[in-house]
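Commentary on secondary and tertiary structure
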Amino acid sequence: MFPDSRGVSSFSMEEIVQNVLELWHGHRIPTILATLFLLSLIRIYLHSTEKRQGLVALPETYGKVLQYRSDSTDEKIKTDITSQDPETLHSYGPGNEKKVSQQGPKRIKGDIGRKARSSTEAGNETRRIQLLVFYSSLTGSTEKITQTFAQELADTLGCSTEKHLGSAFSAPRVLDLAEVDYDEYFISPPKVDGQQTDLFYLFIIPSYNIDSINDSFLEHLRETHHDFRIDTSPLAPILGYSVFGFGDREGWPTEEEGFCFQAKEVDKWMAKLSGRKRAYPLGMGDWKRDGKERLLEWTTGLADVLKQLQQTGHLGDGVPGSGDPLESDDEGEAEDDGEVQWEEAPNSKGAKRGSNGIEDVEDLGRIMELSRSDDTSARKSAASLAIDFTTEGKQVKKTVTVTIKEMVPKNSPTYTALTKQGYSIVGSHSGVKICRWTKSALRGRGSCYKFSFYGINSHQCMETTPSLSCSNKCVFCWRHGTNPVGTTWRWVVDPPQLIFDGVKENHYKKIKMMRGVPGVRAERFAEAMRIRHCALSLVGEPIFYPHINEFLGMLHAERISSFLVCNAQHPDQLAALQHVTQLYVSIDASNRESLRRIDRPLHRDFWERFQRCLDILRERRFRQRTVFRLTLVKGFNVEDEAEGYADLVEKGLPCFVEVKGVTYCGTSTSSNAGLTMANVPFYQEVCDFVVALEKALLKRGLKYGIAAEHAHSCCILLASERFKVDGKWHTLIDYDKFFQLLEEKGPDGDFSPEDYMGPPTPAWATWGNGGFDPRDQRVDKKGRPIEAT
């Protein structure tokens, strides 16, 4: 080291190198790691920048293919590629090299696997709906009607040519089947110019008994379906379709003889080709009578469906078998008077009986205040108390026992079993279910006994219950092990408004699900969207619900008539019941031992309760229409019990006595209860029993007679001669008069059943005439018409 000219010492080269090496060896590991980390950051930055530039530079076609491949993982096929052949979809790659298509004839495939777009997707996509209205005409009349129909529909949807900018619908296109190319519209949907557009097919078809364009059109649909080169549902990409037919009832009085038969054929083949996309039931009208009215009804209902389609992007869920293109017409249901005939849920454990720590019936009002709340959390925090109806006349210690238990929790096996059987559970303890007879009436296959006896349209009837719980475990019950049982109300209590709104909403949903079912009549479907009657007889014990009178008031306020069925085990609730249109009491046995074997009641004093209920009905016979409902179970209550039943009728003096043979539900739970097919009486055996019962009543000086029958449901009606005027039975009800009296005199008003007695019972429903609605066609289980004998 030598001093420089400034007096500063300088290092030799060897010292500098040595210092650097020492510094490197002392810090080489951190230095290497820092360098590697810095290089990694630079590499990541450069890579991401290069990827973005590459994507921007991709060809437009390849971008579509990438989008298609990505969306196909969710089974969503975009409109801009569905028109291409399957071989074309994957023919583009990074090198734009086409793959060799497979050998063999080209097969045209439909889009049956495509799922409906969600409402979110439908709202985000700028899609339009194009209505194609097809018609056929020989004289030009149908063409004029179709043009008017298309214009009125466009005005309703807000898509007429003058004001279509704010609508998702394009103005309807009217097409003459005599001029269109069938291959263009009915082998696969046509390509529509412009942005994403979905198609909806409408048909207005008159039926002719001479050769016409209809014949060649139907032949084309038939051949298309059977062509092995074409997929069985090539029109599945369309959103939906609906058909309206014109006919002449003078030439063809009935559908079976040809009324609107060509429209029915178009509807059937379109169901097959479109993959069950019937959006609204087949409408039918008579040229000379009600054609315009029926077309207007069909148009109104169709407009509602199209508006729903605009909002949701799909037709919604259908009932099992909805729109079945096979048209087998097999309902798959036995004659169960409104209940499905199968159960798969395990038996639920019955409630324990006892009276410790439970409230008396006199405290019902105070107890209900604790549980009244609209919100679920509030209902759970202020739930109801258990109420014992078996401690009548006894001194018990009143102990407040708060519970937060729901009768049918959503995560319970009971909820799963009931919903699987077709029930919609409302709140925590109510239910609604579409009746088998409602489906039958919608399809013109007959109504239930309530139409024959009392004039109630089955397709306007709602079956519901505000309490799924029951205090009996009857051997013939359809719900063995799937609905709760108990002698006390120990659950939370839902407010009546919640139940009323919920059952109506769910009933209408189930009716709407029927619009795609083959054979549903458009005019009856439109009528079904207005509930006119409520049968409180679904399952459970409706009178068990603490607010039953408030619920009845809501029904009557909307002029919905009410039939309430109880099991004669709750006399206090029966005594407090206000006016109903008709009050039923189940009388399943004529003596104590038989009642115990059949109803298997949970109350220890069941026979005393039963007798008290009969006394209450006797007192009410001049204030309400009362009915004894006898369910005959062969081997239990048929043989030698007519005399015993006559004694019960003498005690209660009901207005009517309905006698019905039991329906076997065919489950293991039924056999465990001691019930088999051998316990189901034949209709002739029911007739013999009713004749014997009538004689027993006459022997006692009671004026009853056989007024009506409904052989289709194995049911016969005995009526008091109070309802026989000038030699004719008047079992029908004047419902307008009933509501008028209710409004004038109030729910506890003093008026009698004769005050709202209706017109004479129709001749076809009287004893000896079968009771089948002559407007309808009776069919067997395969849907084949049964010839009248």
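Rules used throughout
- Residues numbered from 1 in each chain as written.
- Predicted model: local features only at pLDDT ≥ 70, side-chain atom pairs only at ≥ 80, totals over all residues.
- Heavy atoms only, no water.
- Helix = DSSP H or I, 4+ residues; strand = E, 2+ residues; numbered from the N terminus.
- Core = buried A, V, L, I, M, F, W, Y, C linked by side-chain atoms within 4.5 Å.
- Buried < 20%, exposed > 50% of the residue type's maximum accessible area, 1.4 Å probe, protein only.
- Contact = heavy atoms within 4.5 Å.
- Pairing = 2+ DSSP bridges.
- Axes fitted to C-alpha atoms, helices over the stretch in contact; angles between N-to-C directions.
- Patch = residues over 30% accessible without salt bridge, like charges linked within 9 Å, V, L, I, M, F, W, Y side chains within 5 Å.
- Areas by Shrake-Rupley, 256 points an atom, 1.4 Å probe, with all protein chains shown as cover.
- Salt bridge = Lys/Arg side-chain N within 4 Å of Asp/Glu carboxyl O.
- Phe/Tyr/Trp six-rings, centres within 6.5 Å; stacked < 30°, edge-to-face > 60°.
- Lys NZ or Arg CZ within 6 Å of the ring centre and 35° of its normal.

Here we look at unusual backbone geometry
- The phi dihedral of Arg600 falls on the positive side, at around 45°, and the residue is not glycine.
- Tracing the chain through its elements places Arg600 in the loop between helix H20 (592-599) and helix H21 (606-620).
- Non-glycine residue Cys714 carries a positive phi angle of around 60°.
- Inspection of the secondary structure assignment puts Cys714 in the loop between strand E16 (704-710) and strand E17 (715-720).

Details of the nonpolar core
- Core analysis: the largest hydrophobic core is formed by 79 residues, its most contacted members being Leu555, Ile587, Leu630, Val659, Phe689 and Leu693.
- The residues touching Leu693, leaving out its near neighbours within four places in the chain, are Leu630, Ala642, Tyr645, Ala646, Val657, Val659 and Leu718.
- Residues Leu131, Leu295, Trp298 and Phe525 belong to the second largest nonpolar core, which totals 34 residues.

Some thoughts on the sheet that holds strand E5 (residues 197-206)
- Strand order in the open sheet formed by five strands is E4-E3-E5-E6-E7, and the pairing between neighbours is parallel. Here the strands that pair on one side only, and so sit at the sheet edges, are strand E4 (169-176) and strand E7 (283-286). Across this sheet, the average inter-strand angle for adjacent strands is 20°, counted without regard to direction.
- In this sheet, E7 lies alongside strand E6 (residues 240-247) in parallel orientation, the contact comprising four bridges. Among the inter-strand pairings, Gly245 is bridged to a residue of E7, identified as Met284.
- Packing of helix H6 (residues 141-157) onto the sheet brings it into contact with strand E3 (128-135), E4, E5 and E6, and relative to E3 it is tilted by some 160°.
- The sheet contacts of helix H10 (residues 291-312) involve E3, E4, E5, E6 and E7, and relative to E6 the element is tilted by about 180°.

Notes on a nonpolar patch on the surface
- The grouping of Trp24, Ile29, Ile32, Leu33, Leu36, Leu38, Leu39, Ile42, Tyr45 and Leu46 at the surface amounts to a nonpolar patch, some 1,000 Å² of accessible area in total.
- Residue placement: Trp24 occurs in helix H1 (residues 13-56).
- Overall, the relative accessible area of 40% leaves Trp24 in the partly exposed class.

As for the sheet that holds strand E9 (residues 430-433)
- With respect to topology, ten strands assemble into an open sheet ordered E8-E9-E10-E11-E12-E13-E14-E15-E17-E16, the strand pairing being mixed. Of all the strands in the sheet, just strand E8 (424-426) and E16 have a single pairing partner and so form its edges. Across the sheet, the mean angle from the axis of one strand to that of its neighbour is 25°, orientation sign disregarded.
- Where E9 lies against strand E10 (residues 461-465), three bridges are found, and the strand directions are antiparallel.

Comments concerning the packing of aromatic side chains
- Per the stated rule, a full pass over the model turns up 34 aromatic pairs.
- Between the aromatic rings of Trp489 and Phe544, the centroid separation amounts to 5.6 Å while the plane-to-plane angle is 75°, which identifies the pairing as edge-to-face. Note that Trp489 is positioned in the loop between E10 and helix H16 (496-512) and Phe544 in the loop between strand E11 (533-536) and helix H18 (548-557), a separation of 55 residues in sequence.
- For Trp489, a relative accessible area of 0% translates into the label buried.
- When its relative accessible area of 3% is taken as the criterion, Phe544 is described as buried.
- Put simply, the rings of Phe134, Tyr182, Tyr185, Phe186, Tyr201, Phe203 and Phe217 pair up and form one aromatic cluster.
- Here Lys272 stacks its cationic end above the ring of Trp269, 4.0 Å away from the centre of that ring.

Notes on the pairing of E11
- On E11, burial covers both faces: His533 and Ala535 on one face and Cys534 and Leu536 on the other are all buried.
- Summarising the sheet, E10 and E11 pair through three bridges and their orientation is parallel. Paired with Met462 across the strands is Cys534, a residue of E11.
- Bridge count between E11 and strand E12 (residues 561-566): four bridges; the pairing is parallel. Residue pairing in the sheet places His533 in a bridge with Ser561 of E12.

Quick look at the pattern of salt bridges
- If you walk through the whole model with that rule in mind, you get 28 salt bridges.
- A salt bridge links Arg222 to Glu219; its shortest N-O distance comes to 2.5 Å. Of this pair, Arg222 and Glu219 both sit in helix H8 (residues 213-226), three residues apart, which is roughly one turn of that helix.
- A relative accessible area of 34% means that Glu219 is categorised as partly exposed.
- Ionic pairing is found between Asp647 and Arg700, a salt bridge with its closest N-O pair at 2.9 Å.

What about the environment of Lys405?
- Along the chain, the position of Lys405 falls in the loop between helix H12 (376-381) and helix H13 (413-420).
- Distance from Lys405 to Trp491, taken between C-alpha atoms, is 5.4 Å for residues 86 residues apart in sequence.
- The contact partners of Lys405, leaving out residues within four places of it in the chain, are Arg490, Trp491 and Val492.

A short note on the pairing of strand E14 (residues 626-632)
- Within E14, seven of the seven residues are buried, which leaves the element mostly enclosed by the surrounding structure.
- The side-chain alternation of E14 yields two buried faces, one formed by Thr626, Phe628, Leu630 and Leu632 and the other by Val627, Arg629 and Thr631.
- The pairing of strand E13 (residues 582-586) with E14 spans four bridges and is classified as parallel. Looking across to E14, one finds that Ser586 is bridged to Arg629.
- As paired elements, E14 and strand E15 (residues 656-661) share six bridges and run parallel to each other. When the bridges of E15 are listed, Leu632 appears paired with Gly661.

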